[in-house]
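Residues per chain are reported as follows:
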Amino acid sequence: MHKAYVFDAYGTLFDVHSAIARQKATIGPKAEAMSETWRTKQIEYTWNTSLMGRWRDFRDLTAAALDTAAALHGGLPEGLRDKLVAAYEELDAYPDVAPALRALRAAGAKTAILSNGSREMLANATRAAGLTDLLDAVISVDEVRIYKTSPRVYALVEATLGVAPGDVAFQSSNRWDVAGAKAFGFDVNWVNRTGKPDEYVDLPPDRVIGSLSELT
């Protein structure tokens, strides 16, 4: 057991594709491809913003990424854009999330989120998913105004929870996030639910797991 188990939020605890999936009947056959592009552009915009030394709120980047995805895939029905942006604050949690958090806390470990999401977005998402009482902390990049994979983001864990990097197990489904956390010094679990091929082979995860249930 580690003293603290820290989780990425989007893609790891929350299904980022659930927002568009709820509107699939309205959007039509392009829905899945649009959702993939939305997520790809969202991540791309965080990296570019950080590299330029600028700051833009994650909610704004998420909306901008949706606009690009919609433009690339033929547009959205009128009135749906705002619903999709709002849905990002009420994403579905994966079914393995709550049981894993309960088990870790029962074993005496601290649990926390470390995410690119804004404070308000994360507060809304954890509340909607019923996870608020299962977390000791919800840590946002708002504190340092730069996005992952900056070491300044991962350093927030020690500052917030009072645990050294070597005492932290970090979980993410995003391979680039796994690489960033590993470079920082965390013990890292790559949550590879869909069997994606490995990347960043110079910064391998300590373990590859298919479900958060494997943590306990």
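Residues numbered from 1 in each chain as written. Predicted model: local features only at pLDDT ≥ 70, side-chain atom pairs only at ≥ 80, totals over all residues. Heavy atoms only, no water.

Summed over all chains, the structure comprises one cavity of 30 Å³ or more. Here the largest cavity defines a volume of roughly 80 Å³. Each residue belonging to the lining of the largest cavity can be placed in one class, and the counts come to four nonpolar, five polar and three charged. (1 Å grid on protein atoms, 1.4 Å probe; cavity = no way out; pocket = protein on both sides within 12 Å on 5 of 7 lines; lining within 4 Å. Points joined across faces, edges and corners; volume = space filled by probe spheres on them. Nonpolar A, V, L, I, M, F, W, Y, C, P; charged D, E, K, R; others polar.)

Attention shifts here to the side chain of Ser 211. Relative to the helices and strands, Ser 211 resides in the segment after strand E6 (207-209). Residue classification places Ser 211 among the buried positions, given a relative accessible area of 18%. At a separation of 3.2 Å, a polar atom in the side chain of Ser 211 contacts the side chain of Asp 96. (Helix = DSSP H or I, 4+ residues; strand = E, 2+ residues; numbered from the N terminus. Buried < 20%, exposed > 50% of the residue type's maximum accessible area, 1.4 Å probe, protein only. Polar contact = N/O pair within 3.5 Å; in protein donor to acceptor, adjacent residues only side chain to side chain.)

Under the criterion given, the structure shown has 12 aromatic pairs. Judged by centre distance (6.3 Å) and plane angle (45°), the ring pair of Tyr 10 and Phe 14 falls under tilted. Given a relative accessible area of 0%, Phe 14 falls into the buried group. Grouping aromatic residues by their ring pairs yields a cluster made of Tyr 10, Phe 14, Trp 38, Trp 55, Phe 58, Tyr 88 and Tyr 147. (Phe/Tyr/Trp six-rings, centres within 6.5 Å; stacked < 30°, edge-to-face > 60°.)

Quick look at the layout of surface pockets now. Quantified by volume, the largest pocket comes out at close to 620 Å³. Surrounding the largest pocket, 24 residues form its lining, His 17, Arg 39, Ser 173, Asn 174 and Lys 196 being those nearest its centre. Mapped by element, the contributors of at least two residues to the lining of the largest pocket are helix H3 (31-51), helix H9 (175-184) and strand E5 (187-191). By residue number, the principal contributor to the lining of the largest pocket is H3, which donates five residues. Each residue belonging to the lining of the largest pocket can be placed in one class, and the counts come to 10 nonpolar, seven polar and seven charged.

Geometry only, nothing functional implied.
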